[in-house]
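Observations on the model geometry
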Amino acid sequence: MSVEEVLREVEKQLGELDERAKEAIKLALKLAQGEVAKVAEPVWQGENPPFEEMANLGIEERSRIMNELEERNREWLLRRCEELGAMWLLVVDGQIYAHGKNLADNPPTDKEKLELARRTGKLPLMFLHPALFWIEEISWHSTVYAGDAYPTVRCRFRNAPASWEAVADFDTGSAATFADFDELERRGIVQLLPSDFIHYRSHLGRTFRCIDKVMEMGLVADDGTERSALHSVLCVFDWHLSPFVAVNPNRVALIGRDICLRLQPKITLDFANRQTLLSF
């Protein structure tokens, strides 16, 4: 009902209104509309749990608590992402301490998360936008489908002095880069810390578990040259049982467009010879 319709209805019941009364009703309607807008705006629910208490819990229980906090505030988190043009947020009690437009945009390191946890006394929530987990799975690794193959690139994961060079599947349909957590941990590149909690997501209709870890990540060109940068990698638990090996059972990592946008390689896909030509 419009303002004029409301005024006519009031005058039907109370008689003709003077200008002062009309202005009072218009003001009341504006205030009421403002209250409705305030109700519609999502607000942060609850508090981040105490860091010391969470540090003493196992990773599964800690993850359950943090995922409940995320789910409770999902609308608020998505709204803030939209407002900031962000794909990740680092939040404590409804205050955003850091954000970025992608996982190449200065994501917080383990050290920075721990420092924030100790400074606030709360375990920070690292929220990853659902779009980061969208993977199109387009298909020179052979796949489970006859005559099909996946483009590959040489890459390197490093956390000095530990390093791992791998031949990974390459997919511009993936916004992020995924890798085998167990392999990275075995090689000493990542480790579980009290600030970590597990993200539960799904791909190809199956659930998988991962954590975000910042490490030095490089792409290796055909001539052996390498370009690298600190980058956030989504490290998947139980990789060999995850949906990431459904198409290619031998896959060890999936390189997405995020690191390519960061390092700016020139990549040519030679489908006739099933080769990826990479240079800088």
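The structure we're discussing is the one just above.
Residues numbered from 1 in each chain as written. Predicted model: local features only at pLDDT ≥ 70, side-chain atom pairs only at ≥ 80, totals over all residues. Heavy atoms only, no water.

Attention now moves to the overall build of the protein. Per the secondary structure count, the protein includes eight helices and 14 strands. The globule rule puts the C-alpha radius of gyration for 280 residues at 19 Å, and the 25 Å found for the protein is more than 25% above it. Each principal axis of the C-alpha distribution contributes one length, and for the protein these read about 85 × 50 × 35 Å. A total of 280 residues make up the protein; the buried ones form 46% of that total. Of the roughly 14400 Å² that the protein leaves accessible, carbon and sulfur atoms contribute 50%. (Helix = DSSP H or I, 4+ residues; strand = E, 2+ residues; numbered from the N terminus. Rg over C-alpha atoms; globule rule 2.2 N^0.38 Å. Buried < 20%, exposed > 50% of the residue type's maximum accessible area, 1.4 Å probe, protein only. Areas by Shrake-Rupley, 256 points an atom, 1.4 Å probe, with all protein chains shown as cover.)

A word on helix H1 (residues 3–14). For H1, built from twelve residues, the straight-helix expectation of 16 Å at 1.5 Å per residue is met to within 8% by its first-to-last C-alpha distance of 16 Å. Within two residues after H1, glycine 15 carries a phi angle of roughly 95°, on the positive side. (Expected span 1.5 Å × (residues − 1).)

The next subject is the sheet that holds strand E2 (residues 95–100). Taken together, three strands build an open sheet; the order of strands is E2-E1-E3 and the sheet is antiparallel. Each edge of the open sheet is held by one strand with a lone partner, namely E2 and strand E3 (125–128). Each adjacent strand pair in this sheet contributes to an overall mean axis angle of 20°, direction not counted. For strand E1 (residues 88–92) and E2, the ladder comprises five bridges, and the chain directions are antiparallel. Across the sheet, residue valine 91 finds its bridge partner in E2, namely isoleucine 96. (Pairing = 2+ DSSP bridges. Axes fitted to C-alpha atoms, helices over the stretch in contact; angles between N-to-C directions.)

With that out of the way, let us pick up unusual backbone geometry. In this structure, the amide linkage connecting alanine 160 to the following residue, proline 161, adopts the cis form with an omega of 5°. For proline 161, the position within the fold is in the loop between strand E6 (152–159) and strand E7 (162–170). One non-glycine residue, aspartate 93, lies in the positive phi region at around 50°. The residue aspartate 238 is not glycine, and still its phi comes out positive at about 50°. The topology assignment puts aspartate 238 in the loop between strand E11 (226–236) and strand E12 (253–255). Classification of aspartate 238 as partly exposed rests on a relative accessible area of 34%.

Another aspect to go through is the pairing of strand E9 (residues 199–203). Burial of the side chains of E9 is restricted to one face: His199, Arg201 and His203 are buried, whereas none of Tyr200 and Ser202 on the reverse face is. Sheet topology places E9 next to strand E10 (residues 206–220); five bridges connect them, and they run antiparallel. Across the sheet, the residue bridging to histidine 199 is cysteine 210, located in E10. Between E9 and E10, which pair antiparallel one after the other, the connecting turn spans two residues, and leucine 204 there sits at a positive phi close to 55°.

Applying the stated criterion across every chain, the model contains 25 salt bridges. Put simply, arginine 209 and aspartate 238 hold a salt bridge, and the shortest N to O gap is 3.3 Å. Of this pair, arginine 209 sits in strand E10 while aspartate 238 sits in the loop between E11 and E12, and the two are 29 residues apart along the sequence. Here the salt bridges do not stand alone but share partners, grouping Arg154, Arg156, Arg158, Glu165, Glu216 and Glu226 into one network. (Salt bridge = Lys/Arg side-chain N within 4 Å of Asp/Glu carboxyl O.)

Right, let's talk about the packing of aromatic side chains for a bit. Two numbers describe a pair of aromatic rings. These are the distance of the centres and the angle of the planes. Taken as a whole and assessed by the stated rule, the structure comprises nine aromatic pairs. The interplanar angle of 75° and the centroid separation of 5.0 Å between the aromatic rings of tryptophan 44 and tryptophan 76 together place this pair among those described as edge-to-face. Taken together, the residues span a long stretch of sequence, with tryptophan 44 in the loop between helix H2 (19–40) and helix H3 (51–55) and tryptophan 76 in helix H5 (residues 74–84) at a distance of 32 residues. By the burial criterion, tryptophan 44 is buried, and tryptophan 76 matches it. Their ring planes at 80° and their centres at 6.2 Å tell us that phenylalanine 178 and phenylalanine 208 sit as a pair that is edge-to-face. With phenylalanine 178 in strand E8 (residues 178–180) and phenylalanine 208 in strand E10, this residue pair connects regions lying 30 residues apart in the sequence. (Phe/Tyr/Trp six-rings, centres within 6.5 Å; stacked < 30°, edge-to-face > 60°.)

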